[in-house]
Amino acid sequence: MATTADFKNGLYLNFNGKPCSIVWFQHVKPGKGPAFVKTKLRNLENGRILENTFTAGAKIDVINVERRPYQYLYKDESGYNFMHCETFEQICLEPDLVDNADLMKEGQRVEMMFVADEERCLTCELPTYVELEVTYTEPAVKGDTASTNAMKAATLETGAEIMVPLFVNIGDKLRINTVDRSYGERVK
């Protein structure tokens with residue numbers, strides 16, 4: 001057991017039965033009354049930010065969270081199947097735990113966050129950028145550019161659909177930002 005004196009940004013703790021990390025905290029000692037600690041906590045299961053005030057010296061339950069490298073293998077009726085890159089142990093995740101799963105292709109490396117004591121997966125994160133090939137997009141028509149940032153829809157090799165600039169053609173390899181699903185650049 002730890003106390004509020006052990007608070008630091010990035011500390012993982014169990015708050016109301018949910019795994020959370022401290023994003024921000026401030027120790028406050030008012031002129032009248034007991035000291036307290038104001039915090040902003042990120043729920044690791046859904047990413048929401050929670051604000052909470054702890055009394056100074058309150059006991060907290062610190063948890064051990066680990067990040068582990070995995071490789072995406074395939075998808076079947078039970079979910080997405082991954083293999084640990086070092087131990088070759090395989091696990092299957094439900095679709096709601098995998099963000100931007102349609103941007104993942106077989107062999108893609110991902111990073112998973114686990115609560116170590118329970119061996120429970122919290123998140124599965126793709127790298128910030130992935131490189132995918134365009135399988136279908138409408139050809140650009142001359143005179144279509146009424147504005148400088150004209151975009152069109154493109155289907156990628158994984159089946160994902162994103163918006164790309166008009167000069168992108170079928171067969172181009174693109175660098176895609178997995179955070180906001182946006183076009184980054186063409187790759188040679």
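It should be emphasised that the depicted structure is a prediction, and the values quoted were computed from it without experimental measurement.

(A) Inspection of unusual backbone geometry at higher detail. A positive phi angle is found at Asn16, which is not glycine, with a value near 55°. Although it is not a glycine, Asn100 adopts a positive phi angle of roughly 50°. Tracing the sequence through the fold places Asn100 in the loop between β9 (90-93) and β10 (109-115). Judged by relative accessible area, Asn100 falls into the partly exposed class, the value being 24%.

(B) Spatial organisation of the side chain of Asp172. Looking at the element boundaries, Asp172 is found in the loop between β14 (161-165) and β15 (173-177). Taking relative accessible area as the criterion, Asp172 reaches 17% and is therefore assigned buried. Within the structure, Asp172 has its side chain in polar contact with the backbone nitrogen of Asn169 (distance 2.9 Å). Ignoring sequence-local partners within four residues, the contact set of Asp172 consists of Leu132, Glu133, Val134, Phe167 and Arg186.

(C) Up close: the sheet that holds strand β6 (residues 59-62). Reading across the sheet, the 6 strands line up as β1-β6-β2-β3-β4-β5 and stay open at both edges, with antiparallel pairing between neighbours. The open sheet is flanked by β1 (2-3) and β5 (49-55), the only strands paired with a single partner. Of the strand pairs in this sheet, β1 and β6 are connected by 2 bridges, and their pairing is antiparallel. If you follow Thr3 over to β6, its bridge partner there is Lys59.

(D) Inspection of the packing of aromatic side chains at higher detail. Counted according to the given criterion, the structure contains 7 aromatic pairs. Ring centres of Tyr72 and Tyr80 lie 6.0 Å apart, and the angle between their planes is 55°; this geometry places the pair in the tilted category. A centroid spacing of 6.4 Å and a plane angle of 75° characterise the contact between Phe167 and Tyr183, whose relative ring orientation is edge-to-face. Residue Phe167 is found in the loop between β14 and β15, and its partner Tyr183 is found in strand β16 (residues 182-187); the two are separated by 16 residues along the sequence. On the basis of relative accessible area, Phe167 is assigned to the partly exposed category, the value being 43%. Over the aromatic face of Trp24 sits the side chain of Lys40, whose NZ or CZ is 5.9 Å from the ring centroid. A cation over a ring is seen here: Arg68 above Phe114, with NZ or CZ 4.4 Å from the ring centre.

(E) Spotlight on the environment of Thr55. Along the chain, Thr55 falls in strand β5. Look past the residues within four positions of Thr55 in its chain and what remains in contact with it is Thr4, Ala35 and Phe36.

(F) Structural view of the pairing of β6. Bridging between strand β2 (residues 12-15) and β6 involves 2 bridges; their strand directions are antiparallel. Of the residues in β6, the one forming a bridge with Leu13 is Val62.

(G) Geometry of the pattern of salt bridges. Here the structure, examined in full by the defined rule, presents 12 salt bridges. For Arg120, the salt bridge is made with Glu45, and the minimal N-O distance between the two is 2.6 Å. Remark: Glu45 occurs in the loop between β4 (36-43) and β5 and Arg120 occurs in strand β11 (residues 120-125); sequence separation between them is 75 residues. On the basis of relative accessibility, which here comes to 33%, the residue Glu45 falls in the partly exposed class. The partner of Glu118 in a salt bridge is Arg120, and the shortest N-O contact between them spans 2.9 Å. Look at Arg120 and you get partly exposed, because its relative accessible area is 29%. Overlapping salt bridges bring together Lys18, Glu45, Glu118 and Arg120 as one network.

(H) Geometry of the nonpolar core. Counting 28 residues, the largest nonpolar core has Phe82, Met104, Met112 and Leu156 as the members making the most contacts within it. Ignoring sequence-local partners within four residues, the contact set of Leu156 consists of Leu103, Leu132, Glu133, Val134, Thr135, Ile162, Leu174 and Ile176. Counting residues in hydrophobic clusters, the runner-up holds 11 residues, among them Ala2, Ile22, Val37 and Phe54.

Conventions adopted
- Residues numbered from 1 in each chain as written.
- Predicted model: local features only at pLDDT ≥ 70, side-chain atom pairs only at ≥ 80, totals over all residues.
- Heavy atoms only, no water.
- Helix = DSSP H or I, 4+ residues; strand = E, 2+ residues; numbered from the N terminus.
- Buried < 20%, exposed > 50% of the residue type's maximum accessible area, 1.4 Å probe, protein only.
- Polar contact = N/O pair within 3.5 Å; in protein donor to acceptor, adjacent residues only side chain to side chain.
- Contact = heavy atoms within 4.5 Å.
- Pairing = 2+ DSSP bridges.
- Phe/Tyr/Trp six-rings, centres within 6.5 Å; stacked < 30°, edge-to-face > 60°.
- Lys NZ or Arg CZ within 6 Å of the ring centre and 35° of its normal.
- Salt bridge = Lys/Arg side-chain N within 4 Å of Asp/Glu carboxyl O.
- Core = buried A, V, L, I, M, F, W, Y, C linked by side-chain atoms within 4.5 Å.

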